[in-house]
Amino acid sequence: MAEIEITKASEVKVRKIEWLWYPYIPFGKITVVQGDAGDGKSTFVLNLAAMLSRGQPMPFTDGTGHPPINIIYQSSEDDADDTIVPRFISAGGDPERLLFISERERYLSFSDERLTQAVRQTGARLVVLDPLSAYIGEETGINAANEVRRQFRPLIEIAREQRCAILIVHHMNKAIGQKAINRAVGSVDIVGAARSVLLVARTDREHPDERIMAQVKCNVGPTGSAIVFSVGGAVQWLEETARTADEVLGNVFANLGRPDTQMRQAKEVISQLLSDGPKPQREIMEKLRTAGVGESTAKKAKQLMGVRSIKAGAVWLWSLPDEDGL
């Protein structure tokens, strides 16, 4: 009988999760970006890559970024010479840091040893595979859970051992009305293997150039706010919003979107607190946090309601716009 290797919990070296972009893309893990064809998944990923190649802060972070990183970018749908590289440069990326593994003689797959060799050789901190169906392996049944899990194992090991982020672009199925977590093409084990899943979709018919990124799930951190961005010309990161991935899919082609639950809650709390006069900002923010309202949503609600900030000594107060004398 073979000897079994046993490890005690006391022997495990505990380490914190590190992030390429908190809380959306962790290092050492797999992240899936899913969406319908033509909705901007590749544009979203390529613009993030451009920012990372220059060491720019990620959208809606505290202004500090990582040093410039190398990125391995594999795409079977777009050519490097006439699409990927021109768009990357147009987005401000450093072309010295965007790297491609040649697939002229043999197509790449999740289990290909060339992936590990390339990450080691280049020190790449981000690997992009676009789309999943082209790289999971030609003999893999995408709907077969056991085959999908087997293909993901080497990829998970690469991410873990090399401490790089692996970002996989994936298409959604046509099952309209289902939860976002069930909309990925193929086995649910695709979503299960990823530690973070992001959705990129259109916002509505009234804004054809707008897209929204919402986090479907995150197993290693909190669920982040959704982010609205524009793909008309240069990508512009517009705002954070409290909409969930399920709300996004429910609204994407609706003429009128459903109310944003967290935004509505924020407005109600602010109106109630300020109904009898100005209140300290700290007190209001604490009440909003207790009610489950995030900071970005609170600030957006304040702006939409026309609430003013006034300083009384060392204290900032919030006041409704019709308060006398303010």
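So, a few notes on the structure that sits alongside this text. (Residues numbered from 1 in each chain as written. Predicted model: local features only at pLDDT ≥ 70, side-chain atom pairs only at ≥ 80, totals over all residues. Heavy atoms only, no water.)

### Topic: the side chain of serine 75
Tracing the sequence through the fold places serine 75 in strand E4 (residues 71-75). Residue serine 75 is classed as buried on the basis of its relative accessible area of 15%. In this structure the side chain of serine 75 is engaged in a polar contact, spanning 3.3 Å, whose partner is the backbone nitrogen of glutamate 77. Those residues in contact with serine 75 that sit more than four places away from it in its chain are Ile84, Asp130 and Tyr135. (Helix = DSSP H or I, 4+ residues; strand = E, 2+ residues; numbered from the N terminus. Buried < 20%, exposed > 50% of the residue type's maximum accessible area, 1.4 Å probe, protein only. Polar contact = N/O pair within 3.5 Å; in protein donor to acceptor, adjacent residues only side chain to side chain. Contact = heavy atoms within 4.5 Å.)

### Structural notes on the sheet that holds strand E14 (residues 315-319)
Strand order in the open sheet formed by three strands is E12-E14-E13, with antiparallel pairing between adjacent strands. Looking at the sheet topology across the chains shown, the edges are occupied by strand E12 (279-280) and strand E13 (308-312). Relative to E14, E12 runs antiparallel, the two being bridged by two bridges. What sits directly across from proline 280, in E14, is leucine 317. (Pairing = 2+ DSSP bridges.)

### So, the packing of helix H3 (residues 113-122) against helix H5 (residues 145-162)
Following both chains from N to C, one finds H3 and H5 inclined at 15°, their axes separated by 10 Å at the closest point. Considered as vectors, H3 and H5 are oriented roughly parallel to each other. Note that H3 runs across H5; the crossing there is right-handed. Across the interface between the two elements, Leu115, Thr116, Val119 and Arg120 from H3 touch Leu155, Ile158, Glu161 and Gln162 from H5. (Axes fitted to C-alpha atoms, helices over the stretch in contact; angles between N-to-C directions. Parallel < 35°, antiparallel > 145°, perpendicular 65-115°, else oblique. Left-handed = near helix turned anticlockwise from the far one by under 90°.)

### Looking at the pairing of strand E7 (residues 165-171)
Counted residue by residue, E7 has six buried out of seven residues, so it is predominantly covered. Here strand E3 (residues 30-35) runs beside E7; their pairing, made up of six bridges, is parallel. Bridge pairing links valine 32 to isoleucine 168 in E7. The pairing of strand E6 (residues 126-130) with E7 spans four bridges and is parallel. Counted as the bridge partner of leucine 126 is alanine 165 from E7.

The values reported here are purely geometric and, on their own, carry no functional implication.
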